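# Secondary and tertiary structure notes
Here is how the chains run, residue by residue.
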Amino acid sequence: QVQLVEPGGGLVQAGGPLRLSCVASGRIFIINAMGWYHQAPGKQRELVADTSRGSTNYADSVKGRVTISRDNAKNTVYLQMNSLKPEDTAVYYCYADVSQTGRNYQKYWGQGTQVTVSS
């Protein structure tokens, strides 16, 4: 019913930039929040950034290096990452809080994309 596709990700050198994208499609009436989590091997999944109706929220570990943005007309959320560090290496998952009826919301997840930062 709802699908989130993440076409970004890849291998990047430390200090470099990388832009992730996430596109939501399917039966969507309205989307509230959209954002990104990441999970490194042996670690718990952590919130990186999210945005809802003009407000943004960032993890302390990425604040100043990461910008989240959104194109509501395309149901797309972006994560621009700069000055990447090896510790940023993780699988990145986007999410969207979607209502198909205008009454109830449910969180949907992208398939995840691997980001590897080499030193």
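Attention in this report is confined to the structure presented alongside it.

Our focus in this paragraph is unusual backbone geometry. Residues other than glycine predominantly adopt negative phi, and peptide bonds predominantly adopt the trans conformation. Positioned with a positive phi, Arg53 is a non-glycine residue whose angle comes to about 50 degrees. Given the relative accessible area of 56%, Arg53 is considered exposed. A positive phi angle, close to 50 degrees, is found at Ser83, a residue other than glycine. Its place among the elements puts Ser83 in the loop between strand S8 (76-81) and strand S9 (90-99). The exposure class of Ser83 is partly exposed, given its relative accessible area of 41%.

A few words on the pairing of strand S11 (residues 113-118). Alternating positions in S11 separate cleanly, Thr113, Val115 and Val117 being buried on one face and Gln114, Thr116 and Ser118 remaining unburied on the opposite face. Bridging between strand S2 (residues 10-13) and S11 involves four bridges; their strand directions are parallel. Paired with Gln13 across the two strands is Ser118, which belongs to S11. Pairing between S9 and S11: three bridges, direction antiparallel. Bridging across to S11, Tyr92 finds its partner in Thr113.

Counting 29 residues, the largest nonpolar core has Leu4, Leu20, Trp36, Leu79, Met81 and Tyr92 as its most contacted members. Those elements that provide at least two residues to this core are strand S1 (2-5), strand S3 (18-26), strand S4 (30-39), strand S5 (46-52), strand S7 (66-71), S8, S9 and S11. A total of five residues in this core trace back to one element, the largest contributor, which is S9. Among all residues touching Leu4, those that are not within four sequence positions of it are Cys22, Val23, Ala24, Cys94, Tyr95, Ala96, Tyr108, Trp109, Gly110 and Gln111.

Further remarks concern the sheet that holds S7. Judged by pairing direction, the sheet is antiparallel, and its four strands sit side by side in the order S1-S3-S8-S7 without closing on themselves. Looking at strand neighbours, the two that pair on one side only are S1 and S7, the edges of this open sheet. Each neighbouring strand pair of the sheet contributes to a mean axis angle of 15 degrees, computed without reference to strand direction. Direction of pairing for S7 relative to S8: antiparallel, over a ladder of six bridges. From the neighbouring strand, Ser69 faces S8, where its bridge partner is Tyr78.

Cut-off values and rules
Residues numbered from 1 in each chain as written. Predicted model: local features only at pLDDT ≥ 70, side-chain atom pairs only at ≥ 80, totals over all residues. Heavy atoms only, no water. Buried < 20%, exposed > 50% of the residue type's maximum accessible area, 1.4 Å probe, protein only. Helix = DSSP H or I, 4+ residues; strand = E, 2+ residues; numbered from the N terminus. Pairing = 2+ DSSP bridges. Core = buried A, V, L, I, M, F, W, Y, C linked by side-chain atoms within 4.5 Å. Contact = heavy atoms within 4.5 Å. Axes fitted to C-alpha atoms, helices over the stretch in contact; angles between N-to-C directions.

Any functional reading would require information that these geometric values do not contain.
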